[in-house]
Amino acid sequence: MTARLPWGPMARMAGRRLLAAVPLLAVVTFGVFALAASSPFDPAKAYAGSAGLGAGRDVLDQLRANLGADEPFVTRWWDWLCAALTGDLGESTALRQPVSQIIGERVGWSVLLCGVAFVLAVTMGTALGVLAARRRGGWLDRAVTGLAYTLEAAPPFWLGLLAVWFFSVKLGALPAGGLTDTGTDVATAGQVASHLVLPAAVLAATQLPWFVLYVRQGVGDALAEDPVRGARARGLNERTVLLGHALRSGLLPVLTLIGSRVPELITGALLVETVFSWPGIASAMVEAATKVDFPLLAALTVLATAAVLVGNLLADLLYGLVDPRVAHEEM
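Residues numbered from 1 in each chain as written. Predicted model: local features only at pLDDT ≥ 70, side-chain atom pairs only at ≥ 80, totals over all residues. Heavy atoms only, no water.

### Here we look at the overall build of the protein chain
Test applied: Secondary structure elements are defined from DSSP: runs of H or I of at least 4 residues count as helices, runs of E of at least 2 residues count as strands, and each element is numbered from the N terminus. Note on areas: these come from Shrake-Rupley sampling with a 1.4 Å probe, and a residue is covered only by the protein chains present in the view.
Check the secondary structure of the protein chain and you find 13 helices and 0 strands. The helix and strand sequence of the protein chain, counted from the amino end, reads α-α-α-α-α-α-α-α-α-α-α-α-α. For the protein chain, the exposed area adds up to about 17600 Å²; of that, 65% sits on carbon and sulfur atoms.

Put into structure tokens, the structure is as follows:
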């Protein structure tokens, strides 16, 4: 008799989360406009650039009026929100392009970088964690955990600069940054893959320690439990015991870790993209923040918040699939 998957409770939980996300995203955008309004940067001077340094007060006042920067931030937020609900995200004052076009051109590269890095971190973290858990206290365990704690303490931008110095400057084995080779306008799959190696590896290294330590702890605890001891007593080989019993039980806490690492993954991606000149949303985010670009800043913040909410929802759904005893109605 096969166990039935809890599709009904999972769908209800997903529906509740999506409904709760709507007011949350509205509050987040309100906070973005409030923080941007209290910023010391002048949107008119930022928009005018070097020409704004010698501009008169009347000119700057007129420019603020044209940008809508002279209105209360509540009014600007409400106008932006109403337009966004119709699909109009506004015009970026920093990049002089429609916000939807900026996001469309850049978000795919950020998703590619984050996706590859996350898969690498989960795969390598699980493998190293299992190896360390097999002989806790041994030399391999000490080496793996020592590496994990070292990477955990290392800032992403420092790892990125170190990788550029070693692999690009010293060895000349990999490109130092960008998406294509110098002087090339067309992004081929081979060029993208070669330019992706370093930023993806560095971003994966920033996430690796958490998965290594969680898997090590979870699998190590599972190996000491009675069901695993019973499997060994029945004469099952060590590989079957490790992969078929201990690993499945030990990976349950890792599923909750997936959702919680999404904010750190996004933050790390912003730093890594900046170091490697990766054409994702990092440069747009920095530009929007420094030039008080309300529409672009709000849209990118909503995008990042939505990614975090989706990550948490995915982690809970995966947990429920692996462990049907979890009651989704209580999540």
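What follows picks up the thread again.
### Brief notes about the packing of aromatic side chains
Here is the rule: When two rings of Phe, Tyr or Trp (its six-membered ring) have centres within 6.5 Å they constitute a pair, described as stacked for plane angles under 30 degrees, edge-to-face for angles over 60, and tilted for the intermediate range. Throughout this description, buried means an accessible area under 20% of the type-specific maximum (1.4 Å probe, protein chains only), exposed means over 50%, and partly exposed covers the range between.
Applying the stated criterion across every chain, the model contains 6 aromatic pairs. Note on Trp109 and Trp278: the rings are 6.2 Å apart at their centroids and 90° apart in plane angle, and the pair reads as edge-to-face. Of this pair, Trp109 sits in helix H5 (residues 99-134) while Trp278 sits in the loop between helix H11 (252-276) and helix H12 (282-290), and the two are 169 residues apart along the sequence. Look at Trp109 and you get partly exposed, because its relative accessible area is 27%. Pairing Trp165 with Phe166 gives two aromatic rings, centres 6.2 Å apart and planes at 45°, and the pair type is tilted. These aromatic residues form a ring-pair network of at least three members: Phe30, Trp77 and Trp78.

### As for the nonpolar core
How we decide: In this description, a nonpolar core means a group of buried Ala, Val, Leu, Ile, Met, Phe, Trp, Tyr and Cys residues linked to one another through side-chain atoms lying within 4.5 Å. Only heavy atoms enter the contact rule, under which two residues are in contact if any of them lie within 4.5 Å.
Residues Leu203, Phe211 and Phe276 are the most contacted members of the largest nonpolar core, which totals 41 residues. Of all the elements in the fold, those that place two or more residues in this core are H5, helix H6 (139-153), helix H7 (156-170), helix H8 (189-223) and H11. Ranked by residues supplied to this core, first place goes to H8 with 15 residues. In this structure, Leu203 is in contact with Leu113, Cys114, Ala117, Leu265, Gly268, Ala269 and Val272, ignoring residues within four places of it in sequence.

### Some remarks on the confidence of the model for the protein chain
We apply this condition: The quantity called pLDDT is the predictor's confidence in a given residue, expressed from 0 to 100.
Looking at the protein chain, the pLDDT average stands at 78 and 75% of residues meet or exceed 70. Helix H2 (residues 43-48) is the least confidently modelled element of the protein chain, averaging 64 in pLDDT, while H7 averages 90, the highest of any element.

### A closer look at the side chain of Asp141
Note the cut-off: N or O atoms closer than or at 3.5 Å make up a polar contact, with two conditions inside protein: a donor-capable atom paired with an acceptor-capable one, and, for residues adjacent in sequence, both atoms drawn from side chains.
Residue placement: Asp141 occurs in helix H6. Residue classification places Asp141 among the buried positions, given a relative accessible area of 3%. Among the polar contacts made by the side chain of Asp141, one reaches the main-chain amide nitrogen of Gly137 at a distance of 2.7 Å. Beyond its immediate chain neighbours, meaning those up to four positions away, Asp141 contacts Ala132, Arg135, Arg136 and Arg216.

### Digging into the environment of Glu273
Mapped onto the elements, Glu273 comes out in helix H11. Residues within four places of Glu273 in sequence aside, it is in contact with Ser110, Leu113, Trp278, Gly280, Ile281 and Ala282.

### Description of a nonpolar patch on the surface
Operational definition: Each patch is built from salt-bridge-free residues with over 30% relative accessible area, joining like charges within 9 Å and nonpolar side chains (Val, Leu, Ile, Met, Phe, Trp, Tyr) within 5 Å. One speaks of a salt bridge when a side-chain nitrogen belonging to Lys or Arg is within 4 Å of a carboxyl oxygen belonging to Asp or Glu.
A surface patch of nonpolar side chains, amounting to about 980 Å² of accessible area, comprises Phe157, Trp158, Leu161, Leu162, Trp165, Phe166, Phe167, Val169, Leu171 and Leu271. A total of 8 residues in the nonpolar patch trace back to one element, the largest contributor, which is H7. Along the polypeptide, Trp165 turns up in helix H7. Here Trp165 falls in the partly exposed class, since its relative accessible area comes to 44%.

### A look at the packing of H7 against H8
To keep things clear, this is the line we draw: To obtain an axis, a line is fitted to C-alpha atoms, over the contacting stretch when the element is a helix, and the angle between two such axes runs from 0 to 180 degrees between their N-to-C directions. The cut-offs work like this: below 35 degrees is roughly parallel, past 145 is roughly antiparallel, 65 to 115 is roughly perpendicular, and the gaps in between are oblique. Take the far helix as the reference: if the near one is turned anticlockwise from it by less than a right angle, the crossing is left-handed, and if turned clockwise, right-handed.
For the pair H7 and H8, the least separation of the axes is 10 Å and the interaxial angle reads 140°. In terms of axis orientation, H7 runs oblique to H8. Handedness of the H7/H8 crossing: right-handed. Here H7 contributes Pro156, Leu159, Gly160, Ala163, Phe167 and Ser168 to the contact with H8, which in turn contributes Leu198, Val202, Ala205 and Thr206.

### Considerations on H12
Defined as follows: Our arc is simply the arc of the directions from the helix axis toward the C-beta atoms.
Listing the buried residues of H12 in full gives Ala282, Ala284, Met285 and Ala288. Taken around the axis of H12, the buried residues stretch over an arc of 165°, which confines them to a single face. Within two residues after H12, Val292 carries a phi angle of roughly 50°, on the positive side.

### Topic: the pattern of salt bridges
Evaluated as defined, the whole model comprises 1 salt bridge. A salt bridge links Arg216 to Asp141, with the shortest nitrogen-to-oxygen separation between them at 2.6 Å. Within this pair, whereas Arg216 is found in helix H8, its partner Asp141 is found in helix H6, the two being separated by 75 residues in sequence. Across this residue pair, the class does not change: Arg216 and Asp141 are buried.

### Side note on the packing of H5 against H8
To describe two helices that pack against each other, one gives the angle between their axes and the distance between the axes. For clarity, the cut-off: Polar here means any residue other than Ala, Val, Leu, Ile, Met, Phe, Trp, Tyr, Cys and Pro, which are nonpolar, and Asp, Glu, Lys and Arg, which are charged; Gly is therefore polar.
Remark: H5 packs on H8, axes separated minimally by 4 Å, with the N-to-C direction vectors making an angle of 35°. Handedness of the H5/H8 crossing: right-handed. Residues that form the contact of H5 with H8 fall into these classes: 27 nonpolar, 5 polar and 2 charged.

### Overview of H5
Residues spaced three or four apart along an α-helix point in a common direction, a consequence of the helix completing one turn every 3.6 residues. Stated formally: Between the first and last residue of a helix there are one fewer steps than residues, each counted as 1.5 Å, and that sum is the expected span. Take the seven residues that end at a residue and the seven that start at it, fit an axis to each, and the angle between those axes is the bend at that residue.
Taking 1.5 Å of rise per residue, 36 residues should cover 52 Å, and H5 covers 51 Å from first to last C-alpha, within 8% of that figure. At Arg106, H5 is deflected by roughly 35°, the largest bend along its length.

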